[in-house]
Amino acid sequence: MTGILADSLGLMPPKASTFAPAVDFWFDFTLWVSIFFFVLIIGLMLLFMVKYRRRPGVRAVVTPTHSTALELSWTVIPTILVVIMFWGGFKTYMDQRVMPLDAYEIGVNAKQWAWEFTYPNGIRHPELHVPKDVPVVLTMYSDDVLHSFFIPAFRVKMDVMRGRYTKLWFQATLASPPGQYYPVLCTEYCGTSHSTMTTKCVVHETRAEFEQWLRDADPLKKLTPEQYDEYLRDPSAFIAAHPDIQGLQSPADMGRKLWDSKGCKQCHSIDGKVGTGPSWSGIWGQTHEFSNAPPTAVDENYVKESIVNPRAKALKGYAANAMPTYQGRITDREIDSIIAFIKTLKSGSEAK
Amino acid sequence: MQMADAAHPISHAAVPHGDAHGHGHHPNLEHHFDSLTQQFDAGKLGMWLFLATEVLLFGGLFCAYAIFRRNHPEVFMYAHQYLDTTWGAINTVVLLVSSFTMAWAVTASQRGQRNLTSLLLALTFLGGVGFMVIKAIEYQHKFHDGLMWGTHYDPSKHGHGHGEGHGAAAHGAAAAAGHAAAGDGRGGAAESHAAGAAASAGAAGDHGASAAHPEATTSVHAPETPGQGASAAAADADVPPERAPLEPSQVALAPSGPAGLHVGGHDLHGPRPDNVHWFFGVYFTMTGLHGLHVLAGMAVIGWLFVRSVRGDFSADYFTPVDLGGLYWHLVDLIWIFLFPLLYLIH
Amino acid sequence: MSSLNPAAAGPLVGAPATDNYLTHSRGFWSWAATLDHKRIGVMYLVGIFTMFLVGGLFAVLLRSVLLTPDAAAGGVKTIVDANMYNRFFTLHGAVMVFIVIIPGIPAALGNFVLPLMLGAKDVAFPRLNLCSFYLWLIGTGMALSSLYWGGVDTGWTFYTPYSTKVGSSGAFGGVVPVVAGAFVLGFSSIFTGLNFIVTIHKLRPPGMTWFRMPLFLWGTYATAVIQVLATPVLGITLLLLLAERLLGIGFFDSELGGDPVLFQHFFWFYSHPAVYIMILPAMGVMSELISVFSHKHIFGYKFIAFSSVAIAILGFLVWGHHMFTSGQSELLGVIFSAITFSIAIPSAVKMFNWLTTLYKGSIDFKAPMCYALSFMWIFGIGGLTGLFLGMMGLDQHLHDTYFVVAHFHYVMAGTIFVFFGAIHYWWPKMTGRMYDEGSAVLASILMFIGFNLTFFVQFMMGTRGMPRRYYEYRPEFQMGHVISSIGSYVMLAAVLLLIYTMIRSLRSGRPAPANPWGAGSMEWQCASPPPHDNFKTPPPVVDAYDYESLEWDERVGGYVHRGRRGGPAAAH
């Protein structure tokens, strides 16, 4: 009995996140309450159908047509039960909606009809990989119509739309066995291939295993040394010539992703608007004046220094200590990508 | 039945005066009513219910107005300046006068004053015509200046005068200031408010203020809306999604300072905020739907006029005039709300 | 219209050539321009039933498509491609919701029955009533014309931005005619509701007090209030959607600063109350059927009456429970969830009252009663599974899966069951003919089995994570889909049997007595079919649920009064 009870009569998918036990508990609670009332109502109905079926010469018995006590009891008892259900739903919902602050963040992009996940190192990948027992926050947006992100095994779902970020979090508790995965589904109708807008969610047993996957997911690792040289000479041409290598992107594209995901965009615009920090638009090659250093042209070294040691040079007109250091939070290749991105930002024009 | 007559003059034509089963009652008493009073009461209740549906129809639009104005007050503050308050006020007076003549027509028909009723109905009809003509003039100005909705909003067509010159000047100045903006200065909401205060001195001051404080054009507007309203995405179709607004929580997580969004300042005569087309979307939808209702009301009044001239109404039977009057008052009433909400924003 | 029209009217006249509403006047125009609520009701019924078949055809087609999982898993999708499948479920939903179920009971049966039950000669505004019918016809025509324009594939909910940006081909596509059609249908619904409210307020004969009205009238009244108060919001929503698609006005378009979620709020502000537009009249009919066929006074009259009103009011305040995963604020979600649970109470109250009515009754398993008892089962499941979806935390998992699909079919098809029950119940009154009980009961049992086969398994697929509106699916779900599709074929057979029963009744059914079921409400006191004017003088108002004075009379083949104020009946 407890086995069946704990398993929701086998109706639910595997429990693979921290939400699953609570959601399933309330599912079971509601299920058994429902079964009780259904059996009560239908059982009585069937009993009456047999016992009081019409028989010749037997008329219906005149019984009272009203009973306040009965009416009140079948108003009050269900009321108490639904209050309990509401409380259960409320509690699990708030757990699902309050994002943890120390979570691992992954960007999700939905478009007709594919998912794409952007990891903190700028890698874009069509599959979702997460480490076990680590809270993960997904920040999601859509390129086009509404989509909805759903992982049944985690009991999470959230709509994804254009023009607004939506968030969702979970903490996986059950690593997916080798070669297997949890399905990721789109549940908001989005057109022709809505039903094939699915992908895999792989839960890695350890953080190290996940990090290893993430490093290996870098498509540049798949290139031969000759190919890599070719790529460095002209990234765009190389990408165009090798459509079979998934996920390749030019350094500038990756820089743009990093600008988006690493928080640069909070202060540095790319269209000339003045923010907490200077806009990157048209900045390349300009000479900057500092309150604590001689004027310097914006070049590779200056950009790198500004990222890892932002207080070395305080740009005039901006707060000297507004920017935190990115030392240790960014790799050299990522810095190179950002430099490549800044180079593409011509004065006054918007980067595409 | 009268209800049907009033709201749907066409359906009347099919079968005049019920099925005429010859109950020997008053000729205007439908066969399924016991008395004229019952018939009148039913008609009146029906009309009030119909008016309730009309209020709810517009209620949806008023809700949309409220939501967007709460989320983008600067758009409304800025764009309403393009509306011509004079024409709007004249139109309000025209409608109020027509409401008065309608009310008088109802009284006259109750007293059986047939000629007076016809005259007053004709005047009411003319009021409707006047309103629509003025509305057409206003619309034509907007079309001419490219002050339209959504993707059709193209104020670059603007700048031909039409009494909205100072708006154009402010816009021009703002654009110029935007180009002149050097990478200097830390934009701040407080400063942009100061610029706005200076600007309220007049158009000339506006130029000066904008030029002196270029950061006014780039002042930031951190989305203060919780959750759903915060969708001030870019105006161009091809803007990448990175430029979509952030959730408040993300703003809070930013290292420091406000998020650099492109929603502009909101001084009264100041620079053009983004998504101004919004206001005109609201404006055209609300006044357009109202205009359709005025036209429907005019059709009803025209039909009442014909019946009145024909001598259908008397001191015992004036239900259609009464119900038509109710409808016309509702049309007026909606305008009484639209006028301040669209023209008189402060 | 055709099957009952002049040609059919002839043989329908019973042996005594009395004047009734069918024979009162003849010819096409006597129907097309009629102001008689009974004829308008019959025209609605024919139209709505025809559209039910159209909507059902789409359902059977889409269930057939779902027999095989997907090409990759070895199955072959032979029937149609994904685009066509998307058009099937969209039209199935749009037709069933806007064209069939919403007007089903109120416009077709309500029109026929309401004035008779009330003791009135007609509805308050007969011309408006005819106008409603033509609006229904025009709206239906517009919606169907979308097939010509390339079909519509947005789903019946028309969510933006899909419906304004993509959806079907071209700027016009099939979306515009369907949305415009739904707008017109909305006004048809508003005018019907308005007519009923005024009729109930102003045309009650002396003695017919509010608490003497049969419960069907209470259900219809509560429905009418929702129709009048909610439908205008749908009207404006659809207008804005059209303005968005055709003119690019930018209300719902995030690229123009609009808010796609705003559309969902507007849409559900109508469409959730619309669920109660669908279910309340069915609950009203239920009260009649349960009482009449157990020959027993309805239990808890006032609680049933007020629970209808409570549902109507609360129904306006729960629309956000369709949007627990849409990114609406958490606070809103909590409020909506709380009110959603409160609406479960009046529904439970009704169920228990019906159950108590059966107690010590004399239950007669005629076809209408079979449908009514089926409703207890079906709505029981539909209502209880609503609890799962009202729990916010659980809805995160279940939203937009087959669990939801099964849930709302158990609710809405509950209405269809009652609709069929009501057709059988009032059939003798409408046509003056009895139908064959045997085949009618068989059809109802088949329908019950087919329905449960189709949808019960969908709950299990939903909890396992089968999303709705999927053309292809993972092979693990195939068994469920096959069972579901077989169920739909059983239902198809049941509907065909029902049609056969009805056609046979029209051709050769035995003439119906005035009161074949022993019902106490007023419509059974006039002849079958009723005369053109319903009542020359309104009959005295009695307790509609007092069966003690009714007695079977073999000569008439129906029930007759034993003298109106007869004492308490001793058991025979």
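Here the structure is a predicted model, which is why all the values come from computation and not from measurement.

1. Re the overall build of chain B
Moving on, step 1. Secondary structure assignment for chain B yields 12 helices and zero strands.
Moving on, step 2. For chain B, the N- to C-terminal ordering of α and β elements is α-α-α-α-α-α-α-α-α-α-α-α.
Moving on, step 3. Every one of the 346 residues in chain B was classed for burial, and the buried ones make up 53%.
Moving on, step 4. Long-range pairs, those at least 24 residues apart, make up 77% of the contacts in chain B between residues at least 6 apart in sequence.
Moving on, step 5. Carbon and sulfur atoms make up 66% of the accessible area of chain B, which totals about 13,500 Å².

2. What to know about the overall build of chain C
Moving on, step 1. Scanning chain C from N- to C-terminus turns up 17 helices and two strands.
Moving on, step 2. Within chain C, the fraction of its 572 residues that count as buried is 73%.
Moving on, step 3. Summed over its atoms, the accessible surface of chain C is roughly 15,800 Å², and 71% of this surface lies on carbon and sulfur atoms.

3. A short note on helix 11 (residues 277-310) of chain B
Moving on, step 1. Compared with an ideal rise of 1.5 Å per residue, which puts 34 residues at 50 Å, helix 11 of chain B spans 49 Å between its outermost C-alpha atoms and is within 8% of the ideal.
Moving on, step 2. Most of helix 11 of chain B is tucked away: 24 of the 34 residues are buried.

4. Observations regarding helix 4 (residues 82-118) of chain C
All names here are of chain C.
Moving on, step 1. The first and last C-alpha atoms of helix 4 sit 50 Å apart over 37 residues, in line with the 54 Å expected at 1.5 Å per residue.
Moving on, step 2. Along helix 4, the sharpest kink reaches roughly 65 degrees, centred on Gly-104 and followed within four residues by the proline Pro-106.
Moving on, step 3. Taken across its 37 residues, helix 4 has 35 buried, putting it largely inside the fold.
Moving on, step 4. Gly-119 sits one or two positions beyond helix 4 and adopts a positive phi of about 85 degrees.

5. Quick notes on the sheet that holds strand 3 (residues 124-125) of chain A
All names here are of chain A.
Moving on, step 1. The strand order across the open sheet built from five strands is 3-2-1-5-8, with neighbouring strands paired in mixed fashion. Every interior strand has two partners, whereas the edge strands, strand 3 and strand 8 (166-171), have only one.
Moving on, step 2. In this sheet, strand 3 lies alongside strand 2 (residues 114-118) in antiparallel orientation, the contact comprising two bridges. Along strand 3, the bridge assignment pairs Phe-117 with His-125.

6. As for the confidence of the model for chain B
Low pLDDT means the predicted coordinates in that region are not meant to be read closely.
Moving on, step 1. Confidence along chain B averages 66 in pLDDT terms, with 56% of residues attaining 70 or more.
Moving on, step 2. With pLDDT under 50 throughout, residues 158-268 of chain B is counted as low confidence; its partners more than four residues away or in other chains account for 189 contacts.

7. With respect to the packing of aromatic side chains
Moving on, step 1. Enumeration over the complete set of coordinates arrives at 98 aromatic pairs over all chains.
Moving on, step 2. Between the aromatic rings of Tyr104(A) and Phe210(A), the centroid separation amounts to 5.3 Å while the plane-to-plane angle is 85 degrees, which identifies the pairing as edge-to-face. Residue Tyr104(A) is found in strand 1 (residues 104-111), and its partner Phe210(A) is found in helix 4 (residues 207-216); the two are separated by 106 residues along the sequence.
Moving on, step 3. Judged by its relative accessible area of 0%, Phe210(A) is buried.
Moving on, step 4. Taking NZ or CZ as reference, Lys157(A) lies 3.9 Å from the ring centre of Phe150(A), over its face.
Moving on, step 5. Against the face of Phe211(C) rests Lys302(C), its NZ or CZ located 4.5 Å from the ring centre.

8. Comments concerning the pairing of strand 8 of chain A
All names here are of chain A.
Moving on, step 1. Where burial is concerned, most of strand 8 is hidden: five out of the six residues are buried.
Moving on, step 2. Inspection of the sheet shows strand 5 (residues 135-142) paired to strand 8 by six bridges, in the antiparallel sense. When the sheet's bridge partners are listed, Val-136 is paired in strand 8 with Phe-170.

9. Side note on the sheet that holds strand 10 (residues 199-204) of chain A
Residues and elements named next belong to chain A.
Moving on, step 1. Ordered in space as 4-10-9-6-7, the five strands form an open sheet in which the pairing is mixed. The open sheet terminates on both sides in strands that have one partner only, identified here as strand 4 (128-131) and strand 7 (156-160). Mean inter-strand twist for the sheet, computed between neighbouring axes without regard to direction, equals 20 degrees.
Moving on, step 2. Direction of pairing for strand 4 relative to strand 10: parallel, over a ladder of four bridges. Residue His-129 lies in a different strand from strand 10, and its bridge partner there is Val-202.

10. What to know about the interface of chain A and chain C
Moving on, step 1. With 79 residues of chain A at the interface, the matching set in chain C holds 89 residues.
Moving on, step 2. Summed over both sides, the interface of chain A with chain C buries roughly 7,600 Å², with 67% coming from carbon and sulfur.
Moving on, step 3. Linking chain A to chain C there are three salt bridges.
Moving on, step 4. Linking chain A with chain C are 27 residue pairs in polar contact (both at pLDDT 80 or more), by the criterion used here.
Moving on, step 5. Elements with a contribution of two residues or more to the side of chain A that touches chain C: helix 2 (19-51), helix 3 (68-97), strand 7 and strand 9 (182-186) of chain A.
Moving on, step 6. Examining the composition of the side of chain A that touches chain C, we find that 17 residues originate from one element, helix 3 of chain A, more than from any other.
Moving on, step 7. Of the residues in the side of chain A that touches chain C, the class split is 44 nonpolar, 23 polar and 12 charged.

11. Description of the packing of helix 4 of chain C against helix 9 (residues 260-293) of chain C
Residue and element names in this part refer to chain C.
Moving on, step 1. The N-to-C vectors of helix 4 and helix 9 enclose an angle of 40 degrees; their axes lie 10 Å apart at closest approach. With respect to each other, helix 4 and helix 9 are oriented oblique. With respect to the hand of their crossing, helix 4 and helix 9 are arranged in left-handed fashion. Each of Val-97, Phe-98, Ile-101, Ile-102, Ile-105, Pro-106 and Met-117 in helix 4 lies in contact with helix 9, whose residues at this interface are Tyr-270, Ala-274, Ile-277, Met-278, Pro-281, Ala-282, Val-285 and Glu-288.

12. With respect to a nonpolar patch on the surface
All names here are of chain C.
Moving on, step 1. Residues Ile-445, Ile-449, Leu-453, Ile-486 and Tyr-489 make up a contiguous nonpolar surface patch of about 400 Å² in total accessible area.
Moving on, step 2. When contributions to the nonpolar patch are tallied by element, the ones reaching two or more residues are helix 16 (437-463) and helix 17 (478-508).
Moving on, step 3. Tracing the backbone through its elements, the reader meets Ile-449 in helix 16.
Moving on, step 4. A relative accessible area of 43% means that Ile-449 is categorised as partly exposed.

13. Topic: the side chain of Ser269(A)
Residue and element names in this part refer to chain A.
Moving on, step 1. Looking at where Ser-269 falls in the secondary structure, it is placed in the loop between helix 7 (251-261) and strand 11 (287-288).
Moving on, step 2. A polar contact is formed between the side chain of Ser-269 and the side chain of Asp-271, at a distance of 3.3 Å.
Moving on, step 3. Apart from the residues lying within four places of it in its own chain, the contact partners of Ser-269 are Ser-279, Trp-280 and Ser-281.

14. Describing the side chain of Asn534(C)
Residues and elements named next belong to chain C.
Moving on, step 1. If you trace the backbone, Asn-534 turns up in the loop between helix 17 and strand 1 (550-553).
Moving on, step 2. On the accessibility criterion, Asn-534 (3% relative accessible area) is buried.
Moving on, step 3. Reaching out from Asn-534, the side chain makes a polar contact with the backbone oxygen of Lys-121 at a distance of 3.1 Å.

15. Focus on the nonpolar core
Moving on, step 1. With 352 residues, the main nonpolar core has Leu128(A), Phe149(A), Phe154(A) and Phe98(C) as its most contacted residues.
Moving on, step 2. Here the element with the most residues in this core is helix 4 of chain C; it accounts for 24 residues.

16. A word on the confidence of the model for chain C
Residues and elements named next belong to chain C.
Moving on, step 1. Mean pLDDT for chain C: 87, with 93% of residues reaching 70 or above.
Moving on, step 2. Helix 16 holds the highest mean pLDDT among the elements of chain C, 95, whereas helix 1 (residues 6-12) holds the lowest, 37.
Moving on, step 3. Throughout residues 1-17 the model reports pLDDT below 50, and contacts reaching past four residues in sequence, or to other chains, amount to 24 contacts.

17. Focus on the pattern of salt bridges
Two side chains that carry opposite charge are able to pair once their charged atoms sit near each other.
Moving on, step 1. For the coordinates displayed, the defined rule picks out 22 salt bridges over all chains.
Moving on, step 2. Several salt bridges share partner residues, and in doing so they unite Lys15(A), Asp24(A) and Arg155(A) into one network.

18. Topic: the packing of helix 5 (residues 85-110) of chain B against helix 6 (residues 114-144) of chain B
Working note: a packed helix pair is described by the angle between its axes plus the distance between those axes.
All names here are of chain B.
Moving on, step 1. Taken N-terminus to C-terminus, the directions of helix 5 and helix 6 make an angle of 165 degrees; their axes are 8 Å apart at the nearest point. The angle between helix 5 and helix 6 falls in the class roughly antiparallel. Helix 6 is crossed by helix 5, and the crossing has left-handed handedness.
Moving on, step 2. In terms of residue class, the contact of helix 5 with helix 6 is made up of 15 nonpolar, nine polar and two charged.

19. Structural notes on the environment of Leu280(C)
Residue and element names in this part refer to chain C.
Moving on, step 1. Among the secondary structure elements, Leu-280 is positioned in helix 9.
Moving on, step 2. The sequence separation of Leu-280 and Pro-106 amounts to 174 residues, and the corresponding C-alpha distance is 9.6 Å.
Moving on, step 3. Ignoring anything within four residues of it in the chain, the contact list for Leu-280 reads Gly-219, Ala-222, Thr-223, Ile-226, Ser-308, Ile-311 and Ala-312.

20. Comments concerning the environment of Lys262(A)
All names here are of chain A.
Moving on, step 1. Its location among the elements puts Lys-262 in the loop between helix 7 and strand 11.
Moving on, step 2. Each C-alpha atom, one on Lys-262 and one on Gly-122, is 8.9 Å from the other, the two residues being 140 residues apart in sequence.
Moving on, step 3. Sequence-distant contacts of Lys-262, that is, excluding residues within four places in its chain, are made with Pro-120, Tyr-326, Arg-329 and Glu-334.

What counts as what
- Residues numbered from 1 in each chain as written.
- Chains lettered and ligands numbered in written order.
- Predicted model: local features only at pLDDT ≥ 70, side-chain atom pairs only at ≥ 80, totals over all residues.
- Heavy atoms only, no water.
- Helix = DSSP H or I, 4+ residues; strand = E, 2+ residues; numbered from the N terminus.
- Buried < 20%, exposed > 50% of the residue type's maximum accessible area, 1.4 Å probe, protein only.
- Contact = heavy atoms within 4.5 Å.
- Areas by Shrake-Rupley, 256 points an atom, 1.4 Å probe, with all protein chains shown as cover.
- Expected span 1.5 Å × (residues − 1).
- Bend = angle between axes of the 7 residues up to and from the residue.
- Pairing = 2+ DSSP bridges.
- pLDDT = per-residue confidence, 0-100.
- Phe/Tyr/Trp six-rings, centres within 6.5 Å; stacked < 30°, edge-to-face > 60°.
- Lys NZ or Arg CZ within 6 Å of the ring centre and 35° of its normal.
- Axes fitted to C-alpha atoms, helices over the stretch in contact; angles between N-to-C directions.
- Buried area = accessible area lost by both parts, 1.4 Å probe.
- Salt bridge = Lys/Arg side-chain N within 4 Å of Asp/Glu carboxyl O.
- Polar contact = N/O pair within 3.5 Å; in protein donor to acceptor, adjacent residues only side chain to side chain.
- Nonpolar A, V, L, I, M, F, W, Y, C, P; charged D, E, K, R; others polar.
- Parallel < 35°, antiparallel > 145°, perpendicular 65-115°, else oblique.
- Left-handed = near helix turned anticlockwise from the far one by under 90°.
- Patch = residues over 30% accessible without salt bridge, like charges linked within 9 Å, V, L, I, M, F, W, Y side chains within 5 Å.
- Core = buried A, V, L, I, M, F, W, Y, C linked by side-chain atoms within 4.5 Å.

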